[in-house]
Amino acid sequence: MKSTFCLLLTLISIQAYSQYTDVINSNRPGVSRSAFSVGTNVAQLEIGPYIINEKRTPAAAYKASGFGIDFAARYGLLFEELELNIEGTYQNDTKTFTSNVSAEEKRSNFKAITIGAKYLVYDPYKKAGEKKPNLYSWKANHSFRWSSLIPAVSVYLGANFDAKDNPYTAPGVDGFSPKIMIATQNNFSGGWVFVMNLIKDRIGSDQSDFQYILTLTHSFSPKWVIFGETQGIQSDFYADNLFRFGGAYLWGRDLQLDTALTFNTKDTPSVFSINFGVSYRLDFHKDKEAKDKDIDNGNSAKEEGKRKSRRNKNKESDTDTDKTKKRKRDDIDFDNN
């Protein structure tokens, strides 16, 4: 959930910030992208099957129903601010034309598949650890701060791949095309998080579109989050305003479950979708300060190996010394007899 990054902020007042969080930081259940990465050496999978129903009522009317799956794989590489990811949507449905002669068209393909990288260029929460909480006032710790209006900002650059004769794209759209995005995130007191994405997709193709996504989430307990989202899409091929509502449950530090409803308010076509999702991470993260401390204290694997070797040699030496002493005692006892 996008608010997991701020979960510790809202429940533990103010803390030092980094890209990595103690609990999973998922982009689900909405479709917007957080400004923050998963953290270095963290591999994360986010996946969500859904069912879809579309209906167009004017001329050239049709109905489409089927299922699909959203997926994303994310990995924090080299820097806390950098994340590599691959994400996409696969759908399988049946499109039934109802205008004149009834006919069916079975469709299946990737509606989108993109490989990209996201980098945090500005983090207003980086020095939050310097601000100490007020131990005598709950109100002081949870009141509105004007500084919270300054968002974290990241930039994204990716490449789409569209298969030839894809039924979900405009005619003639295939191969690679660029995708760029600016993602912002505000973490407000009380467990509120606001995320905004501004996207230019399939640049230079016959389906080049502009999208905005606005997402507001609220964590009202350490485990539960609700969200509302609006997504605007504008292109010559397709235009829409979609709305989503749902929630997520934090099953454990590395596992999140979620669900959401998607719908619009027009009939060209009308859209209704239900999805269920899961996010899971493999956490191999280690803070840079902890690594540096280990090195300073001689706690590296190499140093630990040397210490073990010295301990083994000392044990062998002590064993040889004990054997020598025992032989001497035996010789003395023999002479006395």
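Given the structure is predicted, the values throughout are model-derived calculations rather than measurements. (Residues numbered from 1 in each chain as written. Predicted model: local features only at pLDDT ≥ 70, side-chain atom pairs only at ≥ 80, totals over all residues. Heavy atoms only, no water.)

(A) Fine view of the pairing of strand β3 (residues 82-97). Alignment of strand β2 (residues 62-76) against β3, held across 15 bridges, turns out to be antiparallel. Bridging from a neighbouring strand, Arg74 pairs with Asn85 of β3. Linking β2 back to β3 in an antiparallel pair, the connection comprises 5 residues, with Leu78 at a positive phi of about 70°. Taken together, the 16 bridges between β3 and strand β4 (residues 103-122) define a ladder with antiparallel strand orientation. By the bridge assignment for β4, Glu87 is matched with Thr114. (Pairing = 2+ DSSP bridges. Helix = DSSP H or I, 4+ residues; strand = E, 2+ residues; numbered from the N terminus.)

(B) Quick peek at the sheet that holds strand β8 (residues 209-219). The 12 strands lie next to each other as β1-β2-β3-β4-β5-β6-β7-β8-β9-β10-β11-β12, forming a closed barrel whose pairing is antiparallel. Taking each pair of neighbouring strands and ignoring which way they run, the sheet shows an average axis angle of 20°. In terms of strand pairing, strand β9 (residues 224-234) meets strand β10 (residues 239-252) through 11 bridges, oriented antiparallel. Paired with Gln234 across the two strands is Ala239, which belongs to β10. (Axes fitted to C-alpha atoms, helices over the stretch in contact; angles between N-to-C directions.)

(C) Spatial organisation of unusual backbone geometry. The peptide bond linking Arg28 to Pro29 adopts the cis configuration, its omega dihedral lying at 15°. Checked against the element boundaries, Pro29 lands in the loop between α1 (4-11) and β1 (42-56). The omega angle of the peptide bond from Thr268 to Pro269 is 0°, so this bond is cis rather than trans. Inspection of the secondary structure assignment puts Pro269 in the loop between β11 (255-264) and β12 (270-283). Residues other than glycine seldom take positive phi values, yet Leu78 does so here, at roughly 70°. In this structure, Leu78 sits in the loop between β2 and β3.

(D) Representation of the environment of Pro171 in the model. Structurally, Pro171 is set in the loop between β5 (152-162) and β6 (175-188). In this structure the C-alpha to C-alpha distance between Pro171 and Gln207, which are 36 residues apart in sequence, comes to 8.8 Å.

(E) Geometry of the environment of Ile274. Here Ile274 shows up in strand β12. Considered as a pair, Ile274 and Arg244 are 30 residues apart in the sequence and their alpha carbons are 9.6 Å apart. With near-sequence residues (within four places) excluded, Ile274 lies in contact with Pro49, Tyr50, Ile51, Ala260 and Leu261. (Contact = heavy atoms within 4.5 Å.)

(F) Region of the structure containing the pattern of salt bridges. For the structure on display, the rule yields 10 salt bridges. Notably, a salt bridge pairs Asp254 with Arg281, separated by 2.6 Å at the nearest N-O pair. Taken together, the residues Asp254 in the loop between β10 and β11 and Arg281 in strand β12 connect sequence positions 27 residues apart. A relative accessible area of 24% places Asp254 in the partly exposed class. Bridged by salt links that share partners, the residues Arg33, Glu87 and Lys179 form one connected network. (Salt bridge = Lys/Arg side-chain N within 4 Å of Asp/Glu carboxyl O. Buried < 20%, exposed > 50% of the residue type's maximum accessible area, 1.4 Å probe, protein only.)

(G) Spotlight on the packing of aromatic side chains. Applying the stated criterion across every chain, the model contains 7 aromatic pairs. Here Tyr90 and Phe110 contribute two aromatic rings whose centre-to-centre distance is 5.3 Å and whose plane-to-plane angle is 70°, an arrangement assigned as edge-to-face. With Tyr90 in strand β3 and Phe110 in strand β4, this pair connects stretches of sequence that are 20 residues apart. We classify Phe110 as partly exposed; its relative accessible area is 33%. An aromatic cluster is built from Phe71, Tyr90 and Phe110, whose rings are joined through pairwise contacts. (Phe/Tyr/Trp six-rings, centres within 6.5 Å; stacked < 30°, edge-to-face > 60°.)

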